[in-house]
Amino acid sequence: MQNWWKLPYSIYAIAVLFILFAIVLPIYVLIKLIVPYPKQTTWVHRINKIMFLVWSAFTGFRYKIRGIENIDENQTYIVVCNHNNLADIIASAYANQVPSKPLVKKELLKIPILGQLFAMASVPLDRKDEAARKRSLETMANELNQNISLIIFPEGTRNRTPAPLKEFHNGAFIISMKTGKPIMPVVFTNIKNLSSPESILIKPWKFEAHHLAPVFPDSFNEVQEYKDYIYKIMWNFLVENDSSFKDYKKL
């Protein structure tokens with residue numbers, strides 16, 4: 001019963017977020033109507049930063065952001081992040097400092113208000129069959145070739161294991177090698193205990209995001225080698241910097 005306050009707090013925090021989304025939705029529509037397509041992601045990212053700063057002021061969340069010096073504003077990136085719980089999605093909307101479009105499940109477009117936002121500011125991902133997945137990869141490549149950065153959770157779903165990371169899917173690495181765009185690992189630390197992977201209950205916390213040095217695909221001959229290298233970088237960083245994984249060894 002000591003955490004009885006999590007439920008009312010979580011309801012409050014989510015309600016504030018939905019209210020803010022409803023307020024800024026007309027701004028997103030205006031951006032879509034008047035801003036050239038390749039620049040829309042940058043403007044959405046700016047609005048998101050303002051919105052989540054306001055949300056944080058009402059909910060008590062804080063941000064610790066590191067590695068901004070690794071970002072080249074003239075470079076297009078595939079940002080890959082670890083995925084533990086609901087907080088990662090909130091963190092990626094603000095703490096990730098690369099203006100980028102997230103990949104979202106196509107089903108999320110059906111959510112009221114949020115669905116309309118996802119439709120404008122994300123790349124819907126359809127995984128129902130091989131043909132749909134291939135089309136999604138082509139859409140991702142098209143976005144990158146227009147100099148629009150993407151943000152991908154290569155674990156696919158939330159990490160429900162006690163380990164620092166789940167196994168990565170190939171998509172981000174295939175697209176990187178196909179387009180020549182570098183991968184920038186953004187590692188979220190010390191937020192695993194914010195909530196469980198199965199829960200939407202949260203508590204005030206400090207989001208920590210670390211932008212690691214980008215990795216270009218031309219140093220690798222095959223997808224598996226590239227994927228293993230990024231996996232090792234992120235795993236070792238979590239073991240070194242996240243108290244939740246202090247009992248794990250570096251790879």
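Since we're looking at a predicted model, the values are computed, not measured.

The rules behind the values
Residues numbered from 1 in each chain as written. Predicted model: local features only at pLDDT ≥ 70, side-chain atom pairs only at ≥ 80, totals over all residues. Heavy atoms only, no water. Phe/Tyr/Trp six-rings, centres within 6.5 Å; stacked < 30°, edge-to-face > 60°. Buried < 20%, exposed > 50% of the residue type's maximum accessible area, 1.4 Å probe, protein only. Core = buried A, V, L, I, M, F, W, Y, C linked by side-chain atoms within 4.5 Å. Helix = DSSP H or I, 4+ residues; strand = E, 2+ residues; numbered from the N terminus. Contact = heavy atoms within 4.5 Å. Salt bridge = Lys/Arg side-chain N within 4 Å of Asp/Glu carboxyl O. Polar contact = N/O pair within 3.5 Å; in protein donor to acceptor, adjacent residues only side chain to side chain. Axes fitted to C-alpha atoms, helices over the stretch in contact; angles between N-to-C directions. Parallel < 35°, antiparallel > 145°, perpendicular 65-115°, else oblique. Left-handed = near helix turned anticlockwise from the far one by under 90°. Pairing = 2+ DSSP bridges.

Draft legend 1. Region of interest: the packing of aromatic side chains. Under the defined criterion, the tally for this structure stands at 13 aromatic pairs. Plain terms: the ring middles of Phe220 and Tyr229 are 5.3 Å apart, the flat faces sit at 50 degrees to each other, and that makes the pair tilted. Take Phe220: its relative accessible area is 11%, and that puts it in the buried class. For Tyr229, a relative accessible area of 40% gives the class partly exposed. On the numbers, 6.4 Å between centres and 75 degrees between planes, the contact of Phe245 with Tyr248 is edge-to-face.

Draft legend 2. The arrangement of the nonpolar core in detail. Ranked by size, the top nonpolar core spans 40 residues in total, and within it Phe52, Trp55, Tyr63, Phe188 and Phe207 carry the most contacts. Elements represented by at least two residues in this core include exactly α1 (6–34), α2 (37–59), β1 (62–66), β2 (78–81), α3 (86–94), β6 (183–189) and β7 (206–211). It is α1 that provides the largest number of residues to this core, a total of nine residues. In this view, Tyr63 contacts Phe52, Trp55, Ser56, Tyr94, Ala95, Lys206 and Phe207; residues no more than four positions away in its chain are not counted. Grouped together as the second largest cluster of nonpolar side chains are 30 residues, Ala141, Ile175, Ile183 and Val239 included.

Draft legend 3. The pattern of salt bridges, seen in detail. For the coordinates displayed, the defined rule picks out two salt bridges. Among the ionic pairs, Glu143 bridges to Lys101, the shortest N-O distance being 3.3 Å. Of this pair, Glu143 sits in helix α5 (residues 130–145) while Lys101 sits in strand β3 (residues 100–105), and the two are 42 residues apart along the sequence. For the residue pair Glu143 and Lys101, the accessibility class agrees, reading buried in each case.

Draft legend 4. Main features of the environment of Val239. Assignment of secondary structure puts Val239 in helix α7 (residues 223–241). Owing to a relative accessible area of 14%, Val239 belongs among the buried residues under this scheme. If we ignore the near neighbours within four places in the chain, the residues touching Val239 are Pro164, Phe245, Tyr248, Lys249 and Lys250.

Draft legend 5. Highlighting the side chain of Asn48. Tracing the backbone shows Asn48 in helix α2. Polar side-chain contacts of Asn48 include one of 2.3 Å to the side chain of Tyr28. Other than its neighbours up to four places away in sequence, Asn48 contacts Tyr28 and Ala93.

Draft legend 6. Highlighting the packing of α1 against α2. Where α1 meets α2, the closest approach of the two axes is 10 Å, and the angle between their N-to-C directions is 155 degrees. Relative to α2, α1 is oriented roughly antiparallel. With respect to the hand of their crossing, α1 and α2 are arranged in right-handed fashion. Residues Tyr9, Tyr12, Ala13, Val16, Leu17, Leu20, Phe21, Val24, Ile27, Tyr28, Ile31 and Lys32 of α1 lie in contact with α2, whose contacting residues are Gln40, Trp43, Val44, Ile47, Asn48, Met51, Phe52, Val54, Trp55, Phe58 and Thr59.

Draft legend 7. Structural context of the environment of Gln224. Here Gln224 shows up in helix α7. For the pair Gln224 and Ile78, spaced 146 residues apart in sequence, the C-alpha separation works out to 17 Å.

Draft legend 8. The sheet that holds β7, seen in detail. The seven strands lie next to each other as β1-β7-β6-β2-β5-β3-β4, forming an open sheet whose pairing is mixed. Unpaired on one side and paired on the other, β1 and β4 (123–125) mark the two borders of the sheet. For this sheet the average axis-to-axis angle between neighbouring strands, irrespective of direction, equals 25 degrees. With three bridges connecting them, β3 and β4 associate as parallel partners.

Draft legend 9. Seen up close, the environment of Ile233. Mapped onto the elements of the fold, Ile233 is located in helix α7. The sequence separation of Ile233 and Lys250 amounts to 17 residues, and the corresponding C-alpha distance is 9.4 Å. Sequence-distant contacts of Ile233, that is, excluding residues within four places in its chain, are made with Leu212 and Val215.

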